[in-house]
Amino acid sequence: MKKVLILSSLVLLANSATITELFDAIEKTPDYKLDTIAKKEMKINKNSVVNSLYPKITLQASAEHFNRYNSIVPLTPTESAELTKTNGDLPFSQNIQRIGFEVSMPLFIKSIYDNKDKMNYLLKATNYQTKINLYKKQTLLVGYLSKLNYLFALKRALLKQQSSIKTTYDGIKKGVDVGRIPEFKLLRLQDSLNQIKIKLENINQNLDEVKANIFKVTNINVNEVVDFNSLNIQKGEFISLKPLKEQLQANKYGLKAKKDNFYPKVIMKIQGNRAFAKAYNTGNDISEDFASAGIYLSWNIFDKKNNSDIQKSKVEILKSQLQIAKTKKDLEAEIKKIDNSLKSINNQILLTKDSLSVKKELLKSAKVAFKLNRMTVDEYLKYEDDLAKTRADLASLEANKNMLKANKALIYGENLKKVFK
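In this text the structure is predicted, and so the values were computed from the model without any measurement.

K.L.:
I'd like to hear about the overall build of the protein, residue by residue, with values.
P.N.:
The secondary structure content of the protein amounts to 10 helices and 4 strands. The dimensions of the protein, computed from C-alpha atoms along their principal axes, are 145 × 60 × 35 Å. Among the 421 residues that make up the protein, the fraction classed as buried is 36%. Sequence separation of at least 24 residues holds for 85% of the intrachain contacts in the protein that already meet a minimum separation of 6. Here the protein contributes 71 positively and 45 negatively charged side chains, and the mean placements of these two sets differ by 4 Å.

K.L.:
Account for the packing of helix α5 (residues 110–177) against helix α6 (residues 183–218), naming residues and giving values.
P.N.:
Their axes nearest at 9 Å, the elements α5 and α6 cross at an angle of 160 degrees. With respect to each other, α5 and α6 are oriented roughly antiparallel. By crossing handedness, the relation of α5 to α6 is classed as left-handed. Partitioned by chemical class, the residues of the contact of α5 with α6 number 24 nonpolar, 9 polar and 9 charged.

K.L.:
Break down the side chain of N402 for me, with residues and values.
P.N.:
Here N402 shows up in helix α9 (residues 377–411). Exposure remark for N402: the relative accessible area of 13% places this residue in the buried category. Those residues in contact with N402, other than ones at most four positions away along the chain, are V142, S146, F228, S230 and F420.

K.L.:
Can you break down the sheet that holds strand β2 (residues 92–108) residue by residue, with the values?
P.N.:
Read across the open sheet, the 4 strands follow the order β1-β2-β3-β4; overall the sheet is antiparallel. Strand pairing shows two members of the sheet lacking a second neighbour, β1 (56–71) and β4 (285–298), which therefore form its edges. For this sheet, the mean angle separating the axes of adjacent strands, direction not counted, is 20 degrees. Sheet analysis places β2 next to strand β3 (residues 265–278), joined by 11 bridges and oriented antiparallel.

K.L.:
How would you summarise α9 if you had to cite specific residues and measurements?
P.N.:
Between its terminal C-alpha atoms α9 stretches 51 Å, which fits the 51 Å expected from 35 residues at 1.5 Å a residue. Directly beyond the C-terminal end of α9, a positive phi value near 70 degrees is found at G413.

K.L.:
Can you tell me about the pairing of β3, naming the residues and giving the values?
P.N.:
As paired elements, β3 and β4 share 14 bridges and run antiparallel to each other. Within the sheet, the bridge partner assigned to M268 lies in β4 and is I295. Between the end of β3 and the start of β4, which pair antiparallel, lie 6 residues, with G283 showing a positive phi angle near 75 degrees.

K.L.:
Talk me through the environment of G236; I want residue IDs and the actual numbers.
P.N.:
Relative to the helices and strands, G236 resides in the loop between α6 and α7 (241–260). With 205 residues separating them along the chain, G236 and D31 place their C-alpha atoms 28 Å apart.

K.L.:
I'd like a description of the nonpolar core, backed by residues and values.
P.N.:
Ranked by internal contacts, the top residues of the largest apolar core, which has 74 residues, are L145, L148, L189, Y380 and F420. For this core, the secondary structure elements donating two or more residues are α2 (19–26), α5, α6, α7, α8 (304–371), α9 and α10 (416–419). The element contributing the most residues to this core is α5, with 15 residues. Counting residues in hydrophobic clusters, the runner-up holds 8 residues, among them V49, I112, M119 and L122.

K.L.:
So what's going on with the pattern of salt bridges? Which residues, and what values?
P.N.:
Overall, the coordinates contain 23 salt bridges when judged by the stated rule. A salt bridge links E27 to K417, with the shortest nitrogen-to-oxygen separation between them at 3.2 Å. Linking E27 in the loop between α2 and α3 (30–51) with K417 in helix α10, this pair joins segments that are 390 residues apart in sequence. Looking at E27, the relative accessible area reads 29%, which means it is partly exposed.

K.L.:
Describe the packing of α3 against α5, with residues and values.
P.N.:
At a minimum axis separation of 9 Å, α3 and α5 run at an interaxial angle of 175 degrees. Considering their axes alone, α3 and α5 lie roughly antiparallel with respect to each other. Of the residues contributing to the contact of α3 with α5, the split by class is 10 nonpolar, 8 polar and 7 charged.

K.L.:
Hey, could you go over the environment of S240 for me, with residue numbers and the actual values?
P.N.:
Here S240 is to be found in the loop between α6 and α7. The class for S240 is partly exposed, based on a relative accessible area of 27%. Residues S240 and T327, spaced 87 residues apart in sequence, show a C-alpha to C-alpha distance of 7.7 Å. Once you skip the residues sitting within four places of it in the chain, S240 turns out to touch I132, T327 and L331.

K.L.:
Describe the packing of aromatic side chains, listing the residues and the values that go with them.
P.N.:
On inspection of all chains with the given rule, the structure shows 6 aromatic pairs. Between Y121 and Y253, the ring centres sit 5.7 Å apart and the planes meet at 20 degrees, which makes this aromatic pair stacked. Residue Y121 is located in helix α5, and its partner Y253 is located in helix α7; the two are separated by 132 residues in the primary sequence. For Y121, a relative accessible area of 23% puts it in the partly exposed group. Among the aromatic residues, those joined into a cluster by ring pairs are Y69, F92 and Y280. Geometry around Y263 places K110 over its ring, the cationic atom sitting 5.5 Å from the centre.

K.L.:
Tell me about the environment of K216, and please be specific about residues and values.
P.N.:
Turning to its location among the elements, K216 is positioned in helix α6. What makes K216 exposed here is its relative accessible area of 62%. C-alpha of K216 to C-alpha of Y383: the two residues are 167 residues apart in sequence and 40 Å apart in space.

Analysis parameters
Residues numbered from 1 in each chain as written. Predicted model: local features only at pLDDT ≥ 70, side-chain atom pairs only at ≥ 80, totals over all residues. Heavy atoms only, no water. Helix = DSSP H or I, 4+ residues; strand = E, 2+ residues; numbered from the N terminus. Buried < 20%, exposed > 50% of the residue type's maximum accessible area, 1.4 Å probe, protein only. Contact = heavy atoms within 4.5 Å. Lys, Arg positive; Asp, Glu negative; His and termini not counted. Charge placed at Lys NZ, Arg CZ, Asp CG, Glu CD. Axes fitted to C-alpha atoms, helices over the stretch in contact; angles between N-to-C directions. Parallel < 35°, antiparallel > 145°, perpendicular 65-115°, else oblique. Left-handed = near helix turned anticlockwise from the far one by under 90°. Nonpolar A, V, L, I, M, F, W, Y, C, P; charged D, E, K, R; others polar. Pairing = 2+ DSSP bridges. Expected span 1.5 Å × (residues − 1). Core = buried A, V, L, I, M, F, W, Y, C linked by side-chain atoms within 4.5 Å. Salt bridge = Lys/Arg side-chain N within 4 Å of Asp/Glu carboxyl O. Phe/Tyr/Trp six-rings, centres within 6.5 Å; stacked < 30°, edge-to-face > 60°. Lys NZ or Arg CZ within 6 Å of the ring centre and 35° of its normal.

Read these as spatial facts, not as claims about activity.
What follows is the structure, given as C-alpha cells:
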C-alpha cells in the first residue's frame, strides 16, 4: 500500500510539472549529457597539446645477436691496447643484452604554442555550441508546450460548444416529442454533436503525439496544461556568431602553426643503458654503462605538402569569415521578421479577445432566436462554430507568440529559464 501511495505521488508530480522543472529536466537527459561530452573531448585535446611540452621518458630493453663481434660500449684505442696487454676482458661480443632509458623534451617547437592557442579558441567554440544546443532543446520544449496548451484550449472550446449544443438539443427534443418542432432540426444538432466527437478524438491523438515529444526532450510525462508567462527579451549579440568567431580565431592560429612548421625545431635527448655480454677474448661475463646527452636541431627548409596545408588553412579562414557574414545577415532578417510578427500577433490577440466577448453575446441571442423559431438550425450552429473557432484562434495566437519569443531568445542567446516562468 505504501509503495502504491509513493508511485501515485510521483505520477501526480510528473503531471503537474512546471515549465522550470521541465527546463531543469532537459539537463538530466542522455541527449544533453552527450552534448557535454564534446566539451570534455576538447579539453582532453587541449591538454594533449600542452602535454607535448613535457619530457617523455621511455624504458628500453633489448637482446641482439650480431654475425661479427660488436662493441658493447665505445672504446678508445688506448683502452683497447691496455686491455689486450693485460689480457683483460675486451667489451666485444656477438650476443648483447641491454636495459636503459631515454628522455626527450622539446626545447623549441614554435607550432606547439600555436596549436595550444588554437585549442583554447576551439574549446571556447565548443562551450558556446554546447550552450546553443541546450537553448535549442529549451526552444523545442516551449514549442511542444505551446502546442500542448493550444490543443487543450481547443479541446476545452469544443467541449464548451458540445455542452452548449447539448443544452439546445435537450430543449429542442421536448418540442420534437410533442410535435411542435420538425425532427430534422434535432437530427441536424445530433450530427453537429457527432462531428464534435470526431474532432475531439483527433485532438486526443495529437495530444498523445505532443506528450511523447515532450517526454523525449525531458524524460517526464506531462498530461495536463503547463501554464507559463513570458518576460521581455534583452537585445544582445547573436549567440550563433560566437562559436563561429572563436572558430575563425582557431583557424588563424592553425594557419600560423602551418607557417611555423618551417621554423627550426630544437629537442633535448638524454640516453643511458647498461649492456651485458661475454667478453670475446676471455668468455667472462661483463657489463658496461653508457650514457649521452645532447641537443638536436632540425630545420624543415622545403616541404611541398606543408605549403599546400598553408593554402588550405587560408581557404578555411575565408570560409569562416563568409560564414560569419552570412549568419549575421540571416539572423538580422530573422529578428526583423520575428519582431514584425510579434507586433502583428499582439494586435490580433487584442482584437480576438474583443471579438470573443462579442460572439459570446451573439450566441446568447442566437439561442433565443432559434428556440423561438426565428432562426434556422444551420444559422444557429454557425454562431456556435464561430465562438469555438474564435476560442481556438486565440489559443493559436498565444501559442505562436510563445514560439516566436522562444526563437528570439535563442537567437540572442537568452537562457529560456529567465524568459518563461
